[in-house]
Amino acid sequence: MAAQAATSKKETFWIVNIIGLILMFGFGKIVPPFGPVTEVGVAVIGVFLGVIFMSLFSDQMFYVSLLGMAALVYHGYLTGAGASSAFLGSTTVTQLIFVTALCAALRSTGAMDVLAKKLLTAKALKGKPQLFVTVFLLTGYLISMIVTFVPTCILMYAVLDSVCDVAGYSKEDSFRKHMLLGLYISCMGAYAVPFMGIQMTSIAMQRTVLEGYGIAFSEGTYFLTNLVVFVAFLVIYAALMRFVFRCDLEPLRTMDVTKSEKLQSTPDHISKEGWIYMAAFLFCIVYNLLCSVVPKSLPIYAPIFGFGSPWIWLLGVAVLTVVRVNGKRLMSGNDMLKNGVMWNLVCLVGMFSILGSAMTNEEIGIRVWLIEIIGPLFSNASLPILVIMVVIIVTIATNVVNGLPCVLATTAIVMPFVCQMALESGINPSVMGTLINVCANLAFLTYSGSVFASLILSREEITQKFIWTKGLATMVIFMVVASGIGIVLSYVL
C-alpha cells in the first residue's frame with residue numbers, strides 16, 4: 001500500500017512538472033500575441049501560470065523560482081545579467097536574508113516562550129476569565145510575529161491543553177474547541193510583519209505593481225492594517241465565545257494557571273542573549289516603521305533614516321556579530337548564513353519581484369489587457385464594494401487552494417484598479433494589498449487550503465460539524481471585521 005502511494009506521488013510530481021514546464025517555456029511559443037499583449041507578454045503570462053500551477057502541488061518552491069527566472073530570460077524579457085541584477089540587487093531580498101537570520105537567532109534563545117509565560121501568569125488576569133481569554137489569544141498573535149506560525153501554534157496549543165487540564169475542561173467542551181480555532185487564527189500574526197516571512201513574496205509583487213503607477217508600497221500601512229484587523233477580531237471573538245457561542249468561562253475564574261505543566265517547564269526569565277536579540281529586533285522594527293511615516297522633507301531624515309528599511313537589518317546583524325557575551329561571540333556570521341537564512345523563501349521573493357514587474361510592464365501589454373477584460377466587473381465599483389468583493393472572493397478561494405496563488409492572481413487583477421482609484425481619489429492602495437494577504441491566510445475549512453490546516457483539523461476535538469458551523473460563522477465574522485476596517489483605513493491612512 002505504501003509502495004503504491006509512493007509511486008502515485010512520484011507520477012504526480014512528474015506530471016505537474018511537465019505541465020508547469022510547458023506553461024513556462026512553451027506557452028509563449030504556442031499562443032500567438034493577442035490584443036495589446038505582445039509576444040513577450042504572452043510568454044510572461046505563461047511563466048506566471050506555470051509558477052502558480054506548480055505552487056499548487058509542490059512544497060519545494062526553490063527550483064520553481066529558479067525555473068521561473070530562467071524562463072523569463074529564455075523568452076527575452078530579461079538578459080541573464082539583467083535577471084541576476086534584478087534578483088540579487090533587490091532591496092527586498094537583501095532585507096529578507098538578514099531578517100530571517102535575526103529571527104532564527106532570537107527563537108533559539110527561548111525568549112518568546114518566557115514572554116508567553118509572563119503574559120499568561122500576570123496577576124491582573126487572575127479571577128478575570130474574559131480578560132484571560134482575550135490576552136491568551138493576543139499572546140498568540142504577538143509571539144507568532146517573531147516565532148512564525150507553526151512553532152507558535154504548537155506552543156499555544158500545548159499551553160491550552162495544560163490550562164484545560166488544570167481548569168477541568170473535557171475534550172468535548174465548547175471552550176476547548178473555540179480556543180483551538182481562536183489560537184489558530186491568532187497565530188496568523190506570523191504574517192503581520194512586512195519584512196519577514198512568506199508574505200514578502202506577495203508584498204514584493206504588490207510593491208512592483210504600485211511602482212508601475214508611481215506609488216510606493218507602505219510597510220507601515222501594511223503592519224498597522226494587519227494589527228488593527230487581527231486585534232479587533234480577536235477581542236470580538238473572545239467576547240463572542242462567552243455571549244454568543246456560550247462557552248463556559250467560569251472554571252477559569254478559580255484556576256491557578258501556574259500549575260500548567262507546559263508553563264512550569266518554561267524558564268522564568270529571559271536570558272541575556274535573548275534580551276540583546278529582542279532589543280535589536282524591536283529597534284529594527286521601529287526604525288522601519290519610522291522610515292514609512294517620517295516626512296522625507298525633514299532635515300533629520302537623511303542623516304538618521306538614510307540607511308532605509310533593508311540596510312538597518314544588515315547593520316543590526318553586523319553589530320551583533322561583534323558583540324560578545326561572557327567572552328563568547330553572540331552571533332556567528334557563518335552559522336547565520338548557513339542555518340538562519342531561509343534560502344527557499346529568498347529565491348521565491350526574488351523571482352516574484354521580477355515577475356510582478358513583468359506583469360505590470362506597459363511595453364508588453366499585460367496590464368492594459370487585464371484592465372480591458374476585468375474592467376466591466378471592477379471599473380464601476382466603489383471602493384467599499386471592491387473591498388467587500390475581494391475579501392469574500394479571496395477568503396473563499398484560499399480555503400480551496402493554497403493562499404499564494406490566490407494572492408498572486410488577485411494582486412495582478414485587482415491592484416491596477418485600486419492604484420487607479422488611488423491616483424484619482426487619494427485612497428491608500430497598500431491597505432487593499434494588506435487585506436489580500438490577510439484573507440489569503442485564513443484557511444482552516446479544508447486540508448487543501450493550507451499546509452498548516454492539519455494543525456487544527458487533525459485535533460480530535462475538532463469535528464467537521466464544528467468546522468462547518470461554528471468555524472464557518474467565525475470566518476464570516478472575520479470577513480465583516482476585515483471589510484469594515486479595510487474600508488475605513490483606505491480613506492484614513
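Residues numbered from 1 in each chain as written. Predicted model: local features only at pLDDT ≥ 70, side-chain atom pairs only at ≥ 80, totals over all residues. Heavy atoms only, no water.

## Observations concerning the pattern of salt bridges
Stated formally: Think of a salt bridge as a Lys or Arg side-chain nitrogen and an Asp or Glu carboxyl oxygen that are within 4 Å of each other. Numbering of helices and strands runs from the N terminus, with a helix taken as a DSSP run of H or I at least four residues long and a strand as a DSSP run of E at least two residues long. Burial classes: relative accessible area under 20% of the type maximum marks a residue as buried, over 50% as exposed, and values in between as partly exposed (1.4 Å probe, protein chains only).
Taken as a whole and judged by the stated rule, the model has eight salt bridges. For Asp-161, the salt bridge goes to Arg-176, with nearest N and O atoms at 3.2 Å. Highlighted residues: Asp-161 in helix α8 (residues 149–167) and Arg-176 in helix α9 (residues 174–186), separated in sequence by 15 residues. Salt-bridge contacts for Asp-165 lead to Arg-176; the nearest nitrogen and oxygen are separated by 3.9 Å. Taken as a pair, Asp-165 in helix α8 and Arg-176 in helix α9 lie far apart in primary sequence, 11 residues in all. Classification of Asp-165 by relative accessible area gives exposed; the value is 56%. Exposure remark for Arg-176: the relative accessible area of 4% places this residue in the buried category. Salt bridges sharing common partners tie together Asp-161, Asp-165, Arg-176, Arg-459 and Glu-461.

## With respect to the nonpolar core
Put simply, the rule is: Take the buried Ala, Val, Leu, Ile, Met, Phe, Trp, Tyr and Cys residues and link them wherever side-chain atoms come within 4.5 Å; each set so joined is a nonpolar core. Note on contacts: a residue pair qualifies if any of its non-hydrogen atoms lie within 4.5 Å across the two residues.
Core analysis: the largest hydrophobic core is formed by 168 residues, its most contacted members being Phe-136, Phe-175, Leu-252, Trp-313 and Phe-444. Non-local contacts of Leu-252, meaning those with residues more than four positions away in its chain, are made with Pro-129, Phe-132, Val-133, Val-163, Ala-167, Tyr-169 and Phe-175.

## Considering a nonpolar patch on the surface
How we decide: Patch construction takes residues with relative accessible area above 30% that form no salt bridge. Like charges are linked within 9 Å, and nonpolar side chains (Val, Leu, Ile, Met, Phe, Trp, Tyr) are linked within 5 Å. Working definition of accessibility: Shrake-Rupley area with a 1.4 Å probe, residue cover restricted to the visible protein chains.
A grouping of Leu-224, Val-228, Val-488, Tyr-491, Val-492 and Leu-493 is seen on the molecular surface, where their side chains present a nonpolar patch of about 510 Å² in accessible area. Of all the secondary-structure elements, those providing two or more residues to the nonpolar patch are α11 (219–243) and α23 (464–492). In terms of residues, the nonpolar patch owes the most to one element, α23, which gives three residues. On the secondary structure map, Leu-224 appears in helix α11.

## Things to note about the side chain of Thr-398
Quick reminder of the rule: Two N or O atoms form a polar contact when they lie within 3.5 Å of each other; inside protein one atom must be a possible hydrogen donor and the other a possible acceptor, and for residues adjacent in sequence the pair counts only when both atoms belong to side chains.
Along the chain, Thr-398 turns up in helix α19 (residues 383–398). Classification of Thr-398 by relative accessible area gives buried; the value is 0%. A polar contact is formed between the side chain of Thr-398 and the backbone oxygen of Ala-440, at a distance of 2.5 Å.

## Focus on the packing of helix α7 (residues 129–147) against α8
Packed helices, taken two at a time, are described by their axes: the angle between them and the distance between them. Quick note on the threshold: Convention adopted: a line fitted to C-alpha atoms gives each axis, helices being fitted over their contacting stretch, and angles between N-to-C directions are expressed from 0 to 180 degrees. Orientation labels follow simple angle bins: below 35 degrees gives roughly parallel, above 145 gives roughly antiparallel, 65 to 115 gives roughly perpendicular, and whatever is left gives oblique. By definition, turning the near helix anticlockwise from the far helix through less than a right angle yields a left-handed crossing, and turning it clockwise yields a right-handed one. Polar here means any residue outside two lists: the nonpolar Ala, Val, Leu, Ile, Met, Phe, Trp, Tyr, Cys and Pro, and the charged Asp, Glu, Lys and Arg; Gly therefore counts as polar.
Contact pair α7 / α8: the axes reach a minimum separation of 8 Å and the direction vectors enclose 155°. Relative to α8, α7 is oriented roughly antiparallel. For α7 against α8, the interelement crossing comes out right-handed. Between α7 and α8, the residues in contact are Phe-132, Phe-136, Thr-139, Gly-140, Ile-143, Ser-144 and Val-147 and Phe-149, Pro-151, Thr-152, Met-156, Val-159, Leu-160 and Val-163, respectively. For the contact of α7 with α8, a count of residues per class yields 10 nonpolar, four polar and no charged.

## Side note on α23
Inclusion rule: Helix span, as expected, comes to 1.5 Å for every residue beyond the first. Two axes enter the definition of the bend at a residue: one is fitted to the seven residues ending there, the other to the seven starting there, and the bend is the angle between them.
Between its terminal C-alpha atoms α23 stretches 40 Å, which fits the 42 Å expected from 29 residues at 1.5 Å a residue. Remark: the principal bend of α23, roughly 30°, maps to Gly-471.

## Description of the packing of aromatic side chains
The cut-off we apply is this: Two rings belonging to Phe, Tyr or Trp (six-membered ring only in the last case) form a pair when the distance between their centres is within 6.5 Å. Interplanar angles under 30 degrees mark stacking, angles over 60 mark edge-to-face geometry, and anything in between is tilted.
Evaluation of the coordinates by the stated rule reveals 14 aromatic pairs. Their ring planes at 70° and their centres at 5.2 Å tell us that Phe-34 and Trp-369 sit as a pair that is edge-to-face. Of this pair, Phe-34 sits in the loop between α1 (2–30) and α2 (39–57) while Trp-369 is found in helix α18 (residues 366–378), placing the two residues 335 residues apart along the sequence. The class for Phe-34 is partly exposed, based on a relative accessible area of 28%.

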